[in-house]
Amino acid sequence: MVEPMNWLRNFMMGRYGPDSFSLFLIVISLVCTLVSSLFGGLWPLLFISYALWFWVIFRMLSRNIEGRAKENEKFMVFWNWVKEHTVGIRGWLTTQANRFRDRRTHKYFRCPKCRQMVRVPKNKGKVRIICPKCKNEFIRQTGKSAAQRAREEQARAEKSAARAAKKADKAGKK
Ligand SMILES: [Zn+2]
């Protein structure tokens, strides 16, 4: 009996196999399929998706290992360029994601001097913030603290009690 894994290994012998470029093509292909299905099956996108799969299979089975490796090198140059030129936007997206994740516990402020985003715990009243990057100090309102809220609640209760007493007083005089 032929072991299936052995068969596969023999079959792939001398062939190029998977690499980063193929992985990238698969991801693009999946995106095409997804977008196509969102629009109820756009055939040009489906066509591109299948074409990319054929390209991936062709590359993996190719015996021109040097040629395929060169393609992958070119792709890596392109990919590094993309990574370098999206540092800003990726950082911004990460900050927004963190901001959403911590929305109940933390507030985010931008340093007025160097524009650095600073994360501080929420509901601590007015706090003095020291920018971790440029050491600039600034004061921000992080929301009412529990103690402050309790004080305000008490003040409100006292006020309404006083009002009720006044009303009772008036009623008594009549
Ligand atoms: Zn700063």
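For the structure, check the block above.
Parameters at a glance
Residues numbered from 1 in each chain as written. Predicted model: local features only at pLDDT ≥ 70, side-chain atom pairs only at ≥ 80, totals over all residues. Helix = DSSP H or I, 4+ residues; strand = E, 2+ residues; numbered from the N terminus. Rg over C-alpha atoms; globule rule 2.2 N^0.38 Å. Contact = placed C-beta atoms within 7 Å. Buried ≥ 20, exposed ≤ 12 C-beta atoms within 10 Å, placed from the backbone. Pairing = 2+ DSSP bridges. Axes fitted to C-alpha atoms, helices over the stretch in contact; angles between N-to-C directions. Parallel < 35°, antiparallel > 145°, perpendicular 65-115°, else oblique. Nonpolar A, V, L, I, M, F, W, Y, C, P; charged D, E, K, R; others polar.

Structural notes on the overall build of the protein
Thought 1: Within the protein, the regular secondary structure consists of six helices and four strands.
Thought 2: Shown N-terminal to C-terminal, the secondary structure of the protein runs as helices and strands in the order α-α-α-α-α-β-β-β-β-α.
Thought 3: Relative to its length of 174 residues, the protein is extended, with a C-alpha radius of gyration of 32 Å against a globular reference of 16 Å.
Thought 4: Each of the three principal axes of the protein carries a C-alpha extent, and together these read 105 × 45 × 40 Å.
Thought 5: Taking the contacts inside the protein whose residues are at least 6 apart along the sequence as the reference set, 31% of them involve residues at least 24 apart.

Considerations on the pairing of strand β4 (residues 137-141)
Thought 1: Within β4, only zero of the five residues are buried, which leaves it mostly out in the open.
Thought 2: The hairpin turn running from strand β3 (residues 126-130) into β4, its antiparallel successor, is six residues long, and lysine 135 in that turn takes a positive phi close to 65°.

Considering the environment of asparagine 72
Thought 1: Looking at the secondary structure, you find asparagine 72 in helix α4 (residues 65-85).
Thought 2: C-alpha of asparagine 72 to C-alpha of phenylalanine 21: the two residues are 51 residues apart in sequence and 5.5 Å apart in space.
Thought 3: Non-local contacts of asparagine 72, meaning those with residues more than four positions away in its chain, are made with Asp19, Ser20 and Phe21.

Let's talk about the pairing of strand β2 (residues 117-121)
Thought 1: In the sheet, strand β1 (residues 106-110) pairs with β2 via five bridges, with the strands oriented antiparallel. For lysine 107, the partnering residue across the bridge sits in β2 and is valine 120.
Thought 2: In textbook terms, the turn of a hairpin is the stretch between consecutive antiparallel strands, and for β1 and β2 this stretch comprises six residues, one of which, arginine 115, has a positive phi near 70°.

A look at unusual backbone geometry
Thought 1: Even without glycine at this site, arginine 115 takes up a positive phi of about 70°.
Thought 2: Here arginine 115 falls in the exposed class, since 10 other C-beta atoms lie within 10 Å of it.
Thought 3: In this structure, asparagine 123 is a non-glycine residue whose phi angle is positive, near 60°.
Thought 4: Mapped onto the secondary structure, asparagine 123 falls in the loop between β2 and β3.

What to know about the environment of alanine 69
Thought 1: Examined against the element boundaries, alanine 69 turns out to sit in helix α4.
Thought 2: Classification of alanine 69 as partly exposed rests on a count of 13 C-beta atoms within 10 Å.
Thought 3: Distance in space between the C-alpha atoms of alanine 69 and serine 37 is 33 Å, their sequence separation being 32 residues.

Quick word on helix α1 (residues 4-12)
Thought 1: Across the nine residues that make up α1, only a small minority, zero, are buried.
Thought 2: Glycine 14, located one to two residues past α1, shows a positive phi value of around 75°.

Examining the packing of helix α2 (residues 20-38) against α4
Thought 1: Relative orientation of the contacting elements α2 and α4 amounts to 65°, with a least axis distance of 8 Å. The orientation of α2 relative to α4 falls into the category roughly perpendicular. Each of Ser20, Phe21 and Phe24 in α2 lies in contact with α4, whose residues at this interface are Glu71, Asn72, Phe75 and Met76.
Thought 2: When its residues are assigned to classes, the contact of α2 with α4 shows four nonpolar, two polar and one charged.

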